[in-house]
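What follows is each chain in one-letter form.
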Amino acid sequence: RVKSEGRNGWCFYHAEMDAVVQQRLEMEHELRSALADQQFELHFQPLLNLDSGEVVSFEALLRWKHPHRGMVSPGEFIPVAEDSGLIGPIGDWVLREACRQAAQWPSPWRVAVNISPLQFRHGSLPRLVKEALKATGLDPRRLELEITESVLLADEKHNLKVLNTLRDMGVRIAMDDFGTGYSSLSYLRAFPFDKIKIDQSFVRDLPHDQNALSIIRAITDMAEALGVHITAEGVETEAQMDALKAMNCREAQGYLIGRPAAAIEAYAEPKAARARA
Ligand code: C2E
Ligand code: MG
Ligand code: MG
Ligand code: MG
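Criteria and thresholds
Residues numbered from 1 in each chain as written. Chains lettered and ligands numbered in written order. Predicted model: local features only at pLDDT ≥ 70, side-chain atom pairs only at ≥ 80, totals over all residues. Heavy atoms only, no water. Near = heavy atom within 4 Å. Polar contact = N/O pair within 3.5 Å; in protein donor to acceptor, adjacent residues only side chain to side chain. Areas by Shrake-Rupley, 256 points an atom, 1.4 Å probe, with all protein chains shown as cover. Helix = DSSP H or I, 4+ residues; strand = E, 2+ residues; numbered from the N terminus. Nonpolar A, V, L, I, M, F, W, Y, C, P; charged D, E, K, R; others polar. Buried < 20%, exposed > 50% of the residue type's maximum accessible area, 1.4 Å probe, protein only. Pairing = 2+ DSSP bridges. Core = buried A, V, L, I, M, F, W, Y, C linked by side-chain atoms within 4.5 Å. Contact = heavy atoms within 4.5 Å. Donors = N, O, S within 2.8 Å, 3.2 Å for Na, K, Ca; no water. Phe/Tyr/Trp six-rings, centres within 6.5 Å; stacked < 30°, edge-to-face > 60°. Lys NZ or Arg CZ within 6 Å of the ring centre and 35° of its normal.

Caption draft 1: Quick peek at the site of ligand 1. Among the 21 residues in the neighbourhood of ligand 1, the closest are listed as R63, N114, D176, E236 and Y255. E59 places a side-chain nitrogen or oxygen 3.0 Å from an oxygen atom of ligand 1. One nitrogen or oxygen atom from the side chain of E236 is found 2.5 Å from a nitrogen atom belonging to ligand 1. For ligand 1, whose accessible area on its own is 800 Å², the fraction buried by protein is 81%. Elements with a contribution of two residues or more to the shell around ligand 1: strand 2 (55-66), helix 2 (74-84) and strand 6 (172-178). If one sorts the elements of the shell around ligand 1 by residue count, strand 2 sits on top with four residues. Tallied by class, the residues present in the shell around ligand 1 amount to eight nonpolar, six polar and seven charged.

Below you can see the structure in the form of structure tokens.
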């Protein structure tokens, strides 16, 4: 193939491709044993209610402590886990571990778990959620599942059924990364989400970018009309926080409030004590 580039050109291309494929295969191989070797860990990031100033829930974020490479970010390994089907067992571990830990927390705190599109397609998600809740004793109302728009892209009918089944169990459903997909609005019509998480790419441009301001204002207005909760993701500065408050955004998540961490006990202390610390 690609004869015109000559033998060397082809070889170079071939070698590069080989390296990419090789890396992926290696990661897949390592992921396979990562669960058994207990290399996964959950970190939790707080979501703050801006009206009350209280932490209301924590998002569980998966961390892979690789024996040689240190922390590998989920942006790197989740796609590999999805392609290889390993997202099934890994996702199930995340669900159980998140529920297990949340069951020990003070009772108003909820836990949010990210669910990959592939976990939906298997159809066993409601059963896995039911089992996780039963095994850990977590109240279903304290569990929130975060899905992205792409979940509804494929096989919409089946996925809507899954969402409704989960909803009927008392579990909350949040739409993650809102505004980054192609038809965010149509999904809001298709399913009554409990919460919309405004993607951090919009928040990043606050408070000066007029387009970001207009879009977030439109989302918060619409959410209020629909009775949907809104969370702004990726809040890093006071100026962003002030802009969000001015637009009646009621909930926020980001480094300004707290970074994802393995331990969350500090948030249980009275606010005054935390401020002094
Ligand atoms: P996400 O669900 O949208 O999670 C938010 C991401 O933004 C997290 O990245 C979080 O650490 C990061 N973040 C939070 N606050 C800030 C901030 O103020 N500034 C900036 N720049 N970033 C902030 P993380 O932990 O690397 O996760 C990336 C993505 O990987 C997640 O995006 C989610 O889609 C996926 N993911 C993470 N854990 C899981 C999991 O257990 N299962 C599945 N299926 N996906 C997961
Ligand atoms: Mg999320
Ligand atoms: Mg997000
Ligand atoms: Mg994201």
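Caption draft 2: Expanded view of the pairing of strand 1 (residues 40-49). Within strand 1, nine of the ten residues are buried, leaving the element largely enclosed by the surrounding structure. Linking strand 1 to strand 2, which pair antiparallel, is a turn of five residues; within it G53 sits at a positive phi near 75 degrees. Here two bridges tie strand 1 to strand 9 (residues 251-252), and the two strands are oriented antiparallel to one another. Considered in strand 9, the bridge of L48 is made with A252.

Caption draft 3: The nonpolar core, seen in detail. L31, V129, L143 and L145 are the most contacted members of the largest nonpolar core, which totals 78 residues. The element that contributes the greatest number of residues to this core is helix 3 (residues 87-102), accounting for seven residues. If sequence neighbours within four positions are ignored, V129 has contacts with L95, L143, L145, L166, M169 and V171.

Caption draft 4: Spatial organisation of the coordination of the magnesium ion (ligand 3). Those donors, D176 (OD), D177 (OD), E233 (OE) and E233 (OE), are the protein atoms that reach the magnesium ion (ligand 3), and they lie 2.1 to 2.4 Å from it. Written as a sequence motif, the donor arrangement for the magnesium ion (ligand 3) is D-D-x55-E. Here the magnesium ion (ligand 2) and the magnesium ion (ligand 3) are spaced 4.1 Å from one another, each receiving a donor from D176. Among the residues examined, D176 registers a relative accessible area of 7% and is labelled buried.

Caption draft 5: Up close: the packing of aromatic side chains. Summed over all chains, the structure comprises ten aromatic pairs. Aromatic pair F44 and W105: ring centres 5.1 Å apart, planes at 85 degrees, arrangement edge-to-face. Of the two residues, F44 is situated in strand 1 and W105 in the loop between helix 3 and strand 4 (110-114); the sequence distance between them amounts to 61 residues. Residue classification places W105 among the buried residues on the basis of a relative accessible area of 11%. Note on F191 and F193: the rings are 5.1 Å apart at their centroids and 80 degrees apart in plane angle, and the pair reads as edge-to-face. Assigned by exposure class, F191 and F193 land together as buried. Through a chain of ring-to-ring contacts, the aromatic side chains of F44, F58, W105, W109 and Y267 assemble into a single cluster. For the cation-ring pair, R259 lies above Y255, with the distance from its terminal atom to the ring centre recorded as 3.9 Å.

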